[in-house]
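# What the coordinates show
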Amino acid sequence: MQNFNYSPLFLSSNDTVFVVVIAVLVVLAIAAWLLSWKLSAKSLTKKYEKEAGDIETQRNRMLDDVREESRAIKKEAILEAKEQEIKLRNEFERESKEKRIELQRLENRLNQKEETLERKEENLAKRNEETTRQQNNLKAKEIELDNKIDEINKQHDKMIEEFEKIAQMSKEEAKKELVDAITEEAKREAAGMVKNIEAEAKENGERKAKEIVSLAIQKCSTEQATEITVSVVPLPNDDMKARIIGREGRNIRTLENATGIELIIDDTPEVVIVSGFDPVRREVARIALEKLIQDGRIHPARIEETVEKVKKELDAQIKEAGEAAMFECGIFGLHPEVVKLLGRLKFRTSYGQNVLKHSIEVAHLAGVMANELGIDANLAKRAGLLHDLGKAVDFEIEGTHMQIGADLAKKYKENFNVVNAILAHHGDVEPKTLEAVLVQAADAISGARPGARRETTTNYIKRLQKLEEISSSFKGVEKCYAIQAGREVRVMVKPEQINDAQTLFLAKDIAKKIEEEMEYPGQIKVNVIREWRATEFAK
């Protein structure tokens, strides 16, 4: 096989035809493309011309709409402006009319006032003329009266000279003698009146005082709540004692340190005694111990947590108790700290008597007596309620509860009458106000009620023995008996040594010695009995 080399200048016939065909096809394709482009350009031109015509038409239509709307808006604005103008014109006319009416009314009032002033000026002128005429008449009468007084004085001087000649003493000497006589007579009459007034006042005062005290006692009938100085906590079983003590005593030490109270655990079955001077702490220890026993978890951390919780609860109870006492007595405006101190008295006792109940009773009694006497009952009740305020903290502060209470009252800006009543309610300080006297009486009444206070058995027996010992120390006494819980002592005398007249003096002497040597609530009746028996037998 031969290899041929082709040159582009020399093609075969077939190749030439092929090239020509391809060239024709290319030319035809170009022509077709140009034709289609021209046709599409014409169609686009027509489309754009049509859209341009539509846009022009739409623009013209929109311009027509805008012109029409503008004409409508303009017409509407003109109508609204006309309506507004009419409305403003009507309002202006109405306001102008009202102003004219108001001005006319004011003008009429001014005219009336001018007429009134003119009439008043005329009346004033007439009164001035009348006053001037009366003054002239008075001056004339004064001159006439002065002349008459001068004439009377001359006649009086002349008569005095004649009397002095007749009596043979001067005017001053006669005056002195007359005044001395009248003074002496007035002194005698005044002395008699003073004596009668004192006797009457004493009689009426005693009777009135008894009536007021008895009325106060009748109106104030309160329950007596007594407490003891130790608290007893019951236990479910004796095994609980060991749990309360804890390992090596750690539980009981923790409880005592947290509360400041002593726990007494002895052989007494199923009880623990809580002992302490501070009643609030004792109550905290009692409640905390009861909660621990009920809960069953007794260990130092639980004990401290329970004690803190009980303290918060008890603080709330103390505040509520103070507020309740304040509201019960109808007293308001107490300092919050004073209210808390009052609440602490709920856990304080004196001779077995609850101090808060006692204070409320004293307040009521003082208020009743103050009403009867016509003085400020609220102030008297306030002083009565606060008279034992010092007992709330007398375990913490040195001094008598009167002085402590007075210092607290001064600290919290209480009235002077209240402070004086607190200081004087036991007679250590002289009462300077009526409220102090009433509180002193109400305190004695409350403490002397039967069953209000109680003593320990030892003190009770000692008081009865002392009472019988004092009564037996007098000459002529045969036997003596203390009866009615020490409220009365009956003394039997020897009839051959004591006569009837001497029994009266003996009773007074015994009563005086009891007052000097004994301290007791209320009063003690001394009853001296003399009996003479004559015995004979018929044979």
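Residues numbered from 1 in each chain as written. Predicted model: local features only at pLDDT ≥ 70, side-chain atom pairs only at ≥ 80, totals over all residues. Heavy atoms only, no water.

What follows concerns the overall build of the protein chain. Tallying secondary structure elements over the protein chain gives 14 helices and 8 strands in all. When each of the 539 residues of the protein chain is scored for burial, the buried share is 28%. Contacts in the protein chain between residues far apart in sequence, at least 24 positions, make up 60% of those at least 6 positions apart. (Helix = DSSP H or I, 4+ residues; strand = E, 2+ residues; numbered from the N terminus. Buried < 20%, exposed > 50% of the residue type's maximum accessible area, 1.4 Å probe, protein only. Contact = heavy atoms within 4.5 Å.)

Attention shifts here to the sheet that holds strand β6 (residues 477-483). Pairing is mixed across the open sheet formed by 3 strands, whose spatial order is β6-β7-β8. Where the open sheet ends on each side, the last strands, each with one partner, are β6 and β8 (525-530). Averaged over all adjacent pairs, the angle separating strand axes in this sheet is 20°, with direction ignored. Taken together, the 6 bridges between strand β7 (residues 488-493) and β8 define a ladder with parallel strand orientation. Its bridge partner being in β8, Val491 is matched across the sheet by Val528. Its contacts with the sheet put helix α14 (residues 500-517) on β6, β7 and β8, and the angle it makes with β8 is roughly 150°. (Pairing = 2+ DSSP bridges. Axes fitted to C-alpha atoms, helices over the stretch in contact; angles between N-to-C directions.)

Turning next to the side chain of Glu488. Mapped onto the fold, Glu488 is located in strand β7. The class of Glu488 is buried, set by a relative accessible area of 4%. A polar contact of 3.2 Å, which involves the side chain of Glu488, links it to the side chain of Arg490. If sequence neighbours within four positions are ignored, Glu488 has contacts with Leu467, Tyr481, Ala482, Ile483, Ile524, Lys525 and Asn527. (Polar contact = N/O pair within 3.5 Å; in protein donor to acceptor, adjacent residues only side chain to side chain.)

Okay, the packing of helix α4 (residues 250-259) against helix α6 (residues 300-329) next. Following both chains from N to C, one finds α4 and α6 inclined at 25°, their axes separated by 9 Å at the closest point. Relative to α6, the element α4 lies roughly parallel. α4 and α6 meet at a crossing whose hand is right-handed. Together, Arg250, Asn251, Thr254, Leu255, Ala258 and Thr259 of α4 and Pro300, Ile303, Glu304, Val307 and Lys311 of α6 make up the contact between the two elements. (Parallel < 35°, antiparallel > 145°, perpendicular 65-115°, else oblique. Left-handed = near helix turned anticlockwise from the far one by under 90°.)

This paragraph deals with a negative patch on the surface. Taken together, the side chains of Glu114, Glu115, Glu118, Glu121 and Glu122 define an acidic patch exposed on the protein surface. With relative accessibility at 44%, the residue Glu115 sits in the partly exposed group. (Patch = residues over 30% accessible without salt bridge, like charges linked within 9 Å, V, L, I, M, F, W, Y side chains within 5 Å. Areas by Shrake-Rupley, 256 points an atom, 1.4 Å probe, with all protein chains shown as cover. Salt bridge = Lys/Arg side-chain N within 4 Å of Asp/Glu carboxyl O. Lys, Arg positive; Asp, Glu negative; His and termini not counted. Charge placed at Lys NZ, Arg CZ, Asp CG, Glu CD.)

Here we take up the confidence of the model for the protein chain. Regions with low pLDDT should not have their predicted coordinates read in detail. With 85% of its residues at a pLDDT of 70 or more, the protein chain shows a mean pLDDT of 80. The low-confidence segment residues 1-11, where pLDDT is below 50, has 2 contacts with residues more than four positions distant or belonging to other chains. (pLDDT = per-residue confidence, 0-100.)

In an α-helix, one turn spans 3.6 residues; hence positions three or four apart end up facing the same way. All buried positions along helix α7 (residues 336-344) are accounted for by Val338, Val339, Leu341, Leu342, Gly343 and Arg344. Check the buried side of α7 and you find it contacts α5 (279-295), α6, α8 (355-373), α9 (377-386) and α10 (401-411).

A positive phi angle, near 55°, is found at Glu248, a position not held by glycine. Looking at where Glu248 falls in the secondary structure, it is placed in the loop between α3 (239-245) and α4. A relative accessible area of 72% means that Glu248 is categorised as exposed.

Attention now goes to the pattern of salt bridges. Taken as a whole, this structure holds 20 salt bridges when the rule is applied. Across the pair Glu85 and Arg89 runs a salt bridge whose closest N-O atoms are separated by 2.9 Å. Separated by 4 residues within a single helix, Glu85 and Arg89 lie in helix α1 (residues 13-167), roughly one turn from each other. In this structure, a network of salt bridges that share partners links the residues Asp295, Arg297, Arg302 and Glu305.

This brings us to α8. Spanning 19 residues, α8 covers 27 Å between terminal C-alpha atoms, matching the ideal 27 Å at 1.5 Å per step. Backbone nitrogen of Leu356 and a side-chain oxygen of the N-cap are separated by 3.1 Å at the start of α8; the cap is Asn354. Taken from the residues just after α8, Gly374 is the one with a positive phi, measuring 80°. (Expected span 1.5 Å × (residues − 1).)

Now for the nonpolar core. Formed by 44 residues in total, the largest nonpolar core has its most connected members in Leu334, Leu342, Leu385, Leu386, Leu389 and Leu408. Elements that contribute at least two residues to this core include exactly α6, α7, α8, α9, α10, α11 (416-424) and α12 (434-448). Considering every element that reaches this core, the biggest residue donor is α8, with 9 residues. Those residues in contact with Leu408 that lie beyond four places of it in its chain are Leu341, Leu389 and Val393. (Core = buried A, V, L, I, M, F, W, Y, C linked by side-chain atoms within 4.5 Å.)

Enumeration according to the criterion identifies 1 aromatic pair in this entry. Ring plane angle 45° and centroid distance 5.7 Å describe the contact between Phe327 and Phe332, whose orientation is recorded as tilted. Residue classification places Phe332 among the exposed positions, given a relative accessible area of 54%. Over the ring of Phe474 we find Lys513, and its NZ or CZ is 5.4 Å from the ring centre. (Phe/Tyr/Trp six-rings, centres within 6.5 Å; stacked < 30°, edge-to-face > 60°. Lys NZ or Arg CZ within 6 Å of the ring centre and 35° of its normal.)

Attention shifts here to a nonpolar patch on the surface. Where nonpolar side chains cluster on the molecular surface, the patch consists of Phe18, Val19, Ile22, Val26, Ile30, Trp33, Leu34 and Trp37 and spans about 830 Å² of accessible area. By secondary structure assignment, the location of Trp33 is in helix α1.

Our focus in this paragraph is the packing of α8 against α9. The geometry of α8 relative to α9 is characterised by a closest axis approach of 7 Å and an angle of 155° between their N-to-C directions. Considered as vectors, α8 and α9 are oriented roughly antiparallel to each other. The interaxial crossing formed by α8 with α9 has right-handed handedness. In this structure, α8 uses Ser359, Ile360, Val362, Ala363, Ala366, Gly367, Ala370 and Asn371 to contact α9, whose residues at the interface are Ala377, Ala380, Lys381, Gly384 and Leu385. Taken together, the residues that form the contact of α8 with α9 break down as 8 nonpolar, 4 polar and 1 charged. (Nonpolar A, V, L, I, M, F, W, Y, C, P; charged D, E, K, R; others polar.)

A separate point is the environment of Leu438. Its location among the elements puts Leu438 in helix α12. According to the relative accessible area criterion, Leu438 is buried, its value standing at 7%. In contact with Leu438, not counting residues within four places along its chain, are Ala366, Met369, Ala370, Leu373 and Ile375.

Turning next to the side chain of Arg382. For Arg382, the position within the fold is in helix α9. Relative accessible area serves as the criterion here: at 18%, Arg382 is assigned to the buried category. At 3.2 Å, the side chain of Arg382 forms a polar contact with the backbone oxygen of Phe332. In terms of polar contacts, Arg382 uses its side chain to reach the backbone carbonyl oxygen of Gly333, at 3.5 Å. Residues in contact with Arg382, not counting those within four places in the same chain, are Ile331, Phe332, Gly333, Leu334, Glu414 and Val418.

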